[in-house]
There are 2 protein chains.
Amino acid sequence: MNQVVTSLEAAGTPAGSVEKVYDTLRREIICMTIAPSTDLDEKTLVDRFGVSRTPVREALIRLAAEGLVEIKRNRGASVSELGLATLQSIFEAGDLIERAIARLACLRRTEADLAHLEQAAADFEVDMQSGDINAMALSNSRLHLLIAEASKNKYFVDSYRRILADHERIAQFWYAANTRPEDGSVSDAILKQHRELVRAIRDKDQDAAEAVTIAHADLCKDGIRELLASGENVVRGLAVERR
Amino acid sequence: MNQVVTSLEAAGTPAGSVEKVYDTLRREIICMTIAPSTDLDEKTLVDRFGVSRTPVREALIRLAAEGLVEIKRNRGASVSELGLATLQSIFEAGDLIERAIARLACLRRTEADLAHLEQAAADFEVDMQSGDINAMALSNSRLHLLIAEASKNKYFVDSYRRILADHERIAQFWYAANTRPEDGSVSDAILKQHRELVRAIRDKDQDAAEAVTIAHADLCKDGIRELLASGENVVRGLAVERR
DNA sequence: GAATTTGAATTTGTATACATCTCGTGTACA
DNA sequence: TGTACACGAGATGTATACAAATTCAAATTC
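These numbers come from a predicted model, not from an experiment.

A. The environment of Ala150 of chain A, seen in detail. All names here are of chain A. Mapped onto the secondary structure, Ala150 falls in helix H6 (residues 133-150). Linking Ala150 and Ala171, residues 21 residues apart in sequence, is a C-alpha distance of 23 Å. Among all residues touching Ala150, those that are not within four sequence positions of it are Ala105, Arg108, Arg109, Asp113, Leu117 and Ile201.

B. Fine view of helix H9 (residues 206-229) of chain B. Residue and element names in this part refer to chain B. With 24 residues, H9 extends 34 Å between its outermost C-alpha atoms, agreeing within 8% with the 34 Å of an ideal straight helix rising 1.5 Å per residue. Restricting attention to buried positions, one finds in H9 the residues Ala209, Val212, Thr213, His216, Cys220 and Ile224. Against helix H4 (84-108), helix H7 (154-178) and helix H8 (185-202) lie the buried residues of H9.

C. Quick peek at the protein's contact with DNA strand D. Around DNA strand D there are 19 residues in total, and Gly76 of chain A together with Gly16, Ser17, Val51 and Ser52 of chain B lie nearest to it. Where the surface near DNA strand D is concerned, the elements lending two or more residues are helix H2 (42-49) and helix H3 (53-65) of chain A together with helix H1 (17-30) and helix H3 (53-65) of chain B. Sorting elements by how many residues they give to the surface near DNA strand D places H3 of chain B first, with three residues. Taken together, the residues of the surface near DNA strand D sort by class into four nonpolar, eight polar and seven charged.

D. Here's a closer look at the nonpolar core. Ile101, Ile147 and Ile201 of chain A together with Ile101, Ile147 and Ile201 of chain B are the most contacted members of the largest nonpolar core, which has 116 residues in total. Setting aside residues up to four positions removed in sequence, Ile147 of chain A forms contacts with Ile101, Ala102, Ala105, Leu117 and Ile201 of chain A.

E. Geometry of the domain arrangement of chain A. Residue and element names in this part refer to chain A. Taken domain by domain, chain A comprises domain 1 (17-79) and domain 2 (84-233). Here domain 1 and domain 2 have C-alpha centroids that lie 27 Å from each other. Tallying the contact residues gives six residues for domain 1 and six residues for domain 2. Tallied by class, the residues present in the side of domain 1 that touches domain 2 amount to four nonpolar, one polar and one charged.

Calculation notes
Residues numbered from 1 in each chain as written. Chains lettered and ligands numbered in written order. Predicted model: local features only at pLDDT ≥ 70, side-chain atom pairs only at ≥ 80, totals over all residues. Helix = DSSP H or I, 4+ residues; strand = E, 2+ residues; numbered from the N terminus. Contact = placed C-beta atoms within 7 Å. Expected span 1.5 Å × (residues − 1). Buried ≥ 20, exposed ≤ 12 C-beta atoms within 10 Å, placed from the backbone. Near = placed C-beta within 6 Å. Nonpolar A, V, L, I, M, F, W, Y, C, P; charged D, E, K, R; others polar. Core = buried A, V, L, I, M, F, W, Y, C linked by C-beta atoms within 7 Å. Domains from an automatic or database assignment.

Next up, the structure:
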């Protein structure tokens, strides 16, 4: 079966069928294009991606291992839910791990790490200008993941990657509510924090890095709190955990 | 192909082929029965487990997602190495996360959690009496994982599960060197710390729980340091990362 | 003799076929 | 009418077949 190569997969890895399905689904789940608890039956995915069940299953297994998908034996896969308990866990674990990686990044960053960080921070500013919420969430995650990687601790990197994925799902709502053009104060604050964080890492200033990290998280939490308090109901898009 | 059911798989989950391969390999990797960097080619595993390549591949993907196996595209799978950098990362991340889950467990443990904890602690004492290193490492991991689960934070649970797996691999050496019958002082200290930790969680005494956790980790680190300093060379069993 | 090429054997990636399980539907029976 | 059972369509789990990539060694070239 000759599958026509669609587009944008030129750079990077060779991109087999599994990667195609995995990357696409992962991004769609994180962007909330596919809503939480949506069923992912193999037949549908096979038809959609034009590949056989084997790579589809392998992609689902990887997504399940990452926590983005739930697989129940003999009963198919579905997109993981984002309950309120998850929201709390994200901030709880995120707070701690972000502070740790911020400090470690100061200790261990290489010049190459720093260059990547500065590039990512610049990319984020561009994306924030553009107002494209997906792009913003994506480049924001990339920046923070690069900081994690600069910490040179694989356990922190991996757990933070998971936290970021779920965080980004929620951030879809957050950005929409907190980065409106009519009020640029939040956007400005974010940019300022990013710059300060990169600076702290460049100067190997652990205390400053941790302090900005805490402020950054607080800003995010405030936004969420406002969302929850206001009429704009995050919970509609999420799902109350009732399993 | 009628595969004869070997043994011990009666209780628990239905246990399909994937689970059989996954569980067996996972345990063998963690017990260092399969040495780090050993190649895991599909043919060999297919022959050994008497199943087809499909479940073997799915098991390998799960193990890779867990960090116990490395898969390189078109170039097969191998058991992840345990370098000195990993050792440092384990203690670094472990310290932080253990303290967090100890405190959270105090806050959130249910009566059921506590009952499981006490049972697991008792099981560990039995296994330590027996002197069976594998059993000790296993029940020790189980106890600590139960504490993580009592914290009710899935990110901590998942990252701690990964840390524990690698920790248990190293612990194979640790136990052999530190729990010899001729000197029961370390064993006694461990048991005492476990009891104190369970007590703290029962009494919801966060500070005590964190303090014991720190002491517990220090005891472990001291043992490792001794190992490294002495003629018994941990590094022989590990592998210096040179990729 | 060293480096490069080529090609078959081996191994992995993907597709398809077969086996088993789940769940809804309809029917029999109380 | 309601419950239980049986059956079948559809979905997942596993095995096998085929395609593509890698490897290693022999042959060729410089």
